[in-house]
Amino acid sequence: QVQLVESGGGLVQAGGSLRLSCAASVSIFSINFMGWYRRAPGKQRELVATITSGGSLGYADSVKGRFTLSRDNAKNTVYLQMNSLKPEDTAVYYCLARVRGLDYWGQGTQVTVSS
């Protein structure tokens, strides 16, 4: 069983920044794939950013150049630095970890961007 604990959400004005954290209960080296997803009110869940065990990064077009995913192996934690936030970034953000073909999700953290 893998547990993921997210933190860092909140309320911010447009143009501001937030950093989300996702701490895993297992060694990050045992995780094949980690990612951040979000679900806005009335919309489907969408992928935001991903990182593979080899360190390859991927971003949704809507966040490229504004969001940066990074990893701290010693802390088994991934971060999502979000800059130049827009009202359309408002959503619940979820962390995903894939371990041996099984997906584990965090509880979600709310990000609200006011205009």
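These lines cover the structure that appears in this document, whether it is placed above or below. Nothing here was measured: the structure is a model prediction, and the numbers come from that model.

Rules used in this analysis
- Residues numbered from 1 in each chain as written.
- Predicted model: local features only at pLDDT ≥ 70, side-chain atom pairs only at ≥ 80, totals over all residues.
- Heavy atoms only, no water.
- Helix = DSSP H or I, 4+ residues; strand = E, 2+ residues; numbered from the N terminus.
- Rg over C-alpha atoms; globule rule 2.2 N^0.38 Å.
- Buried < 20%, exposed > 50% of the residue type's maximum accessible area, 1.4 Å probe, protein only.
- Contact = heavy atoms within 4.5 Å.
- Areas by Shrake-Rupley, 256 points an atom, 1.4 Å probe, with all protein chains shown as cover.
- Pairing = 2+ DSSP bridges.
- Salt bridge = Lys/Arg side-chain N within 4 Å of Asp/Glu carboxyl O.

1. As for the overall build of the protein chain
Scanning the protein chain from N- to C-terminus turns up zero helices and eleven strands. Going residue by residue from the N terminus, the α and β elements of the protein chain occur as β-β-β-β-β-β-β-β-β-β-β. Since a compact globule built from 115 residues should have a radius of gyration of about 13 Å, the 13 Å found for the protein chain is in line with a globular shape. With the C-alpha coordinates of the protein chain rotated into their principal frame, the extents come out at 40 × 25 × 20 Å. Burial status across the protein chain gives 43% buried among its 115 residues. For the protein chain, the proportion of contacts with a sequence separation of at least 24, taken over those separated by at least 6, is 53%. Accessible area of the protein chain: about 6000 Å², with a carbon and sulfur share of 47%.

2. With respect to the pairing of strand 10 (residues 102-105)
Alignment of strand 9 (residues 91-99) against strand 10, held across four bridges, turns out to be antiparallel. Across the sheet, the residue bridging to Arg98 is Asp103, located in strand 10. Connecting strand 9 to the antiparallel partner strand 10 that follows it, the hairpin turn spans two residues, and Arg100 within it adopts a positive phi of roughly 50 degrees.

3. Some remarks on the pattern of salt bridges
One pass over the structure, following the stated rule, counts five salt bridges. With a shortest N-O distance of 2.6 Å, Arg38 and Glu46 are connected by a salt bridge. We note a salt bridge from Lys64 to Asp61, for which the minimum N-O separation is 3.2 Å. When salt bridges that share partners are traced, they join Arg38, Glu46, Arg66 and Asp89 into one network.

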